[in-house]
Amino acid sequence: MTQDNCIFCKIANGEIPSRTVYEDEDFRAILDLGPATQGHTLILPKAHAANLLELPEDTAAKVLPVAQKIAAQLQEKLGWDGLNLVQNNGETAGQTVMHFHLHVIPRYQGDGQKILWNPTQPEAEELDRVYAKIRG
Ligand code: AMP
Ligand code: ZN
């Protein structure tokens with residue numbers, strides 16, 4: 001199922017042209033127009049799902065094998081030194097296109113990119129409180 005006003009639905013289903021690096025029945029993987037690094041690829045499911053929670057479980061189960069194929073393809077063709085998988089959900093987390101996508105970002109020594117967070121140092125009690133909330 002696609003959504004009328006969703007640009008990634010149109011790209012995933014071939015209505016808008018893209019630099020497709022991989023395609024199968026369920027997914028199209030395209031080069032990002034604003035890449036963090038050379039080869040930055042987005043894996044788009046062909047059926048619309050806004051985010052991880054909306055993604056059907058069987059589609060979710062197929063995403064990582066696709067990422068693995070693309071990682072191997074990019075390794076062979078571009079020879080990355082490292083690779084990040086990034087997947088943003090919600091504006092607070094940096095999601096700008098509300099159609100699920102997994103970023104595959106090859107990393108090269110000295111590429112100047114930072115895809116990391118600032119670690120905090122909570123007391124053990126605070127960790128325990130959060131843990132109790134999640135498990136309770
Ligand atoms: P996110 O911030 O996780 O939602 O990522 C959205 C990504 O989509 C960004 O990296 C954009 O550069 C990329 N992007 C937006 N529009 C297009 C497009 N038409 N074709 C390819 N990449 C796009
Ligand atoms: Zn969509």
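Within every chain, residues take consecutive numbers counted from 1 along the sequence as written. Chains and ligands are labelled by the order in which they are written, letters from A for the one and numbers from 1 for the other. Restriction of local features to residues with pLDDT of at least 70 applies here, the model being predicted, together with a cutoff of 80 or more for giving and counting side-chain atom pairs; totals for whole chains, interfaces and linings are based on all residues. Side-chain measures here rest on the full set of heavy atoms in the structure, leaving out hydrogens and waters.

Trainee: Can you help me understand the site of ligand 1 in this one?
Mentor: Surrounding ligand 1, one finds 16 residues, the nearest of these being Asp 32, Gly 94, Thr 96, His 101 and His 103. Here an oxygen atom of ligand 1 and a side-chain polar atom of Asp 32 are 2.5 Å apart. By the criterion applied in these results, polar contacts are pairs of N or O atoms within 3.5 Å in which, for protein atoms, one can donate a hydrogen and the other can accept it, and in which residues neighboring in sequence qualify only through two side-chain atoms. At a separation of 3.1 Å, an oxygen atom of ligand 1 approaches a polar backbone atom of Val 97. To be clear on the numbers: accessible area is Shrake-Rupley with a 1.4 Å probe, and residue cover counts the displayed protein chains and nothing else. Here ligand 1, which alone exposes 500 Å², has 79% of that area covered by the protein. The secondary structure listing takes helices from DSSP runs of H or I that are at least 4 residues long and strands from runs of E that are at least 2 residues long, numbered from the N terminus. Going through the elements one at a time, helix H1 (7-12) and strand E2 (27-31) are the ones with two or more residues in the shell around ligand 1. One heavy atom suffices: a residue is near a molecule or strand as soon as one of its heavy atoms comes within 4 Å of it.

Trainee: Would you mind going over the coordination of the zinc ion (ligand 2) with me for this structure?
Mentor: Those donors, Cys 6 (SG), Cys 9 (SG), His 48 (ND1) and His 99 (ND1), are the protein atoms that reach the zinc ion (ligand 2), and they lie 2.0 to 2.3 Å from it. Metal-coordinating donors are taken as N, O and S atoms lying within 2.8 Å of the metal, or within 3.2 Å when the metal is Na, K or Ca; because water is left out, some sites can appear incomplete. Any coordination sphere not matching a tetrahedral pattern (four donors, all angles between 85 and 135 degrees) or a square planar or octahedral pattern (four or six donors, opposite donors over 155 degrees apart, other angles between 65 and 115) is reported as irregular. Around the zinc ion (ligand 2), the four donor atoms are arranged such that angles at the metal cover 103 to 115 degrees; this shape is classified as tetrahedral.

Trainee: Which parts of the structure should I look at to understand the environment of Pro 45?
Mentor: Residue placement: Pro 45 occurs in strand E3 (residues 41-45). The rule is simple: take the accessible area with a 1.4 Å probe, protein chains only, and divide by the maximum for that residue type; under 20% is buried, over 50% is exposed, in between is partly exposed. In this structure Pro 45 comes out as buried when scored by relative accessible area, which is 1%. Along the backbone, Pro 45 and Ala 12 are 33 residues apart, and their C-alpha atoms lie at a distance of 6.8 Å. Once you skip the residues sitting within four places of it in the chain, Pro 45 turns out to touch Ala 12, Asp 26, Phe 27, Leu 55, Thr 59, His 99 and Phe 100. In what follows, residue pairs with any heavy atoms lying within 4.5 Å of each other are defined as contacts.

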